[in-house]
Amino acid sequence: MKITYIESDGTPHTVDATIGWSIMENAVKNGVPGILAECGGSATCGTCRIYVEADWQGKMSPPHPDETTLLEYVEEERPDARLSCQVSMTESLNGLVVRMPERQYS
Ligand code: FES
C-alpha cells in the first residue's frame, strides 16, 4: 500500500501505508512534513489539510458536515480539500497521491 504526499514545492514523499490508519496518521507516523495534526485527529484544528484530485475523492468516504464546516472556516472553499485525519486508508486507495498546502493554518 502506497501513499504519496506532495509538498507545495513539488517534493514528493511516498510511504508504505497502513490500512485502517487515516491519511494523516500515515503521514505523521512516517515523518512526512507538512501535516501538523495539532488536534490529534479529532477534526477540530484544520492543520492536516490535503488536496485530493477528483478521481481519488470518488474512492473516499464523503466528508462529514463537521469536516466541511471546518474546511470552510480555515481555508478557501476548495472542492478538492479534505482533512486527512478524516479519511481512512483502504485497499482502494493504494497508490493515492495527495498534495499539501503551502502552510497549515491553525
Ligand atoms: S488533525 Fe486536526 S483536523 Fe485533522
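Structure: above.
The structure displayed is predicted, hence computed values, not measured ones.

## Details of the environment of M89
Now for step 1: Relative to the helices and strands, M89 is located in the loop between β4 (81–83) and β5 (96–99).
Now for step 2: For the pair M89 and T18, spaced 71 residues apart in sequence, the C-alpha to C-alpha distance is 6.9 Å.
Now for step 3: Not counting the four nearest positions on each side in its chain, M89 is found in contact with M1, K2, I3, A17, T18, I19, G20, W21, S22, I23, N26 and N94.

## Structural notes on the sheet that holds β5
Now for step 1: Strand order across the open sheet formed by five strands is β2-β1-β5-β3-β4, with mixed pairing between neighbours. The strands lining the two open edges of the sheet, one partner per strand, are β2 (12–16) and β4. Averaged over all pairs of adjacent strands, the angle between strand axes in this sheet comes to 35°, irrespective of strand direction.
Now for step 2: Where strand β1 (residues 2–6) meets β2, five bridges bridge the pair, whose relative direction is antiparallel. The residue bridging I3 from the neighbouring strand is V15, located in β2.
Now for step 3: Strands β3 (49–52) and β4 of the sheet are contacted by helix α3 (residues 65–74), whose axis makes an angle of about 115° with β4.

## Regarding the side chain of E67
Now for step 1: Mapped onto the fold, E67 is located in helix α3.
Now for step 2: A distance of 2.8 Å separates a polar side-chain atom of E67 from the backbone nitrogen of L83.
Now for step 3: When near neighbours in sequence (up to four residues on either side) are disregarded, E67 contacts R82, L83 and Q86.

## Topic: the side chain of Q104
Now for step 1: Inspection of the secondary structure puts Q104 in the segment after β5.
Now for step 2: The exposure class of Q104 is buried, given its relative accessible area of 8%.
Now for step 3: There is a polar contact of 2.9 Å between the side chain of Q104 and the backbone oxygen of G34.
Now for step 4: There is a polar contact of 3.1 Å between the side chain of Q104 and the backbone oxygen of R49.
Now for step 5: Contacts of Q104, omitting those with residues within four sequence positions, involve G34, I35, L36, G46, T47, C48 and R49.

## Details of the nonpolar core
Now for step 1: Among the nonpolar cores identified, the biggest contains 28 residues, and I3, Y5, I23, I35, L93 and L96 are the most heavily contacted of them.
Now for step 2: Counting residues per element, the ones that place at least two in this core are β1, α1 (23–28), β3, α3, β4 and β5.
Now for step 3: In this view, Y5 contacts T11, P12, H13, V15, I23, N26, A27, V32, V98 and M100; residues no more than four positions away in its chain are not counted.

## Some thoughts on the pattern of salt bridges
Now for step 1: As enumerated under the stated definition, the model contains four salt bridges in all.
Now for step 2: In this structure, R82 and E67 form a salt bridge, with 2.8 Å as the shortest nitrogen-oxygen distance. Placement of the pair is R82 in strand β4 and E67 in helix α3, with a sequence separation of 15 residues.
Now for step 3: The exposure class assigned to R82 is buried, which follows from its relative accessible area of 1%.
Now for step 4: Relative accessible area serves as the criterion here: at 2%, E67 is assigned to the buried category.

Each value, and the rule that gives it
Residues numbered from 1 in each chain as written. Predicted model: local features only at pLDDT ≥ 70, side-chain atom pairs only at ≥ 80, totals over all residues. Heavy atoms only, no water. Helix = DSSP H or I, 4+ residues; strand = E, 2+ residues; numbered from the N terminus. Contact = heavy atoms within 4.5 Å. Pairing = 2+ DSSP bridges. Axes fitted to C-alpha atoms, helices over the stretch in contact; angles between N-to-C directions. Polar contact = N/O pair within 3.5 Å; in protein donor to acceptor, adjacent residues only side chain to side chain. Buried < 20%, exposed > 50% of the residue type's maximum accessible area, 1.4 Å probe, protein only. Core = buried A, V, L, I, M, F, W, Y, C linked by side-chain atoms within 4.5 Å. Salt bridge = Lys/Arg side-chain N within 4 Å of Asp/Glu carboxyl O.

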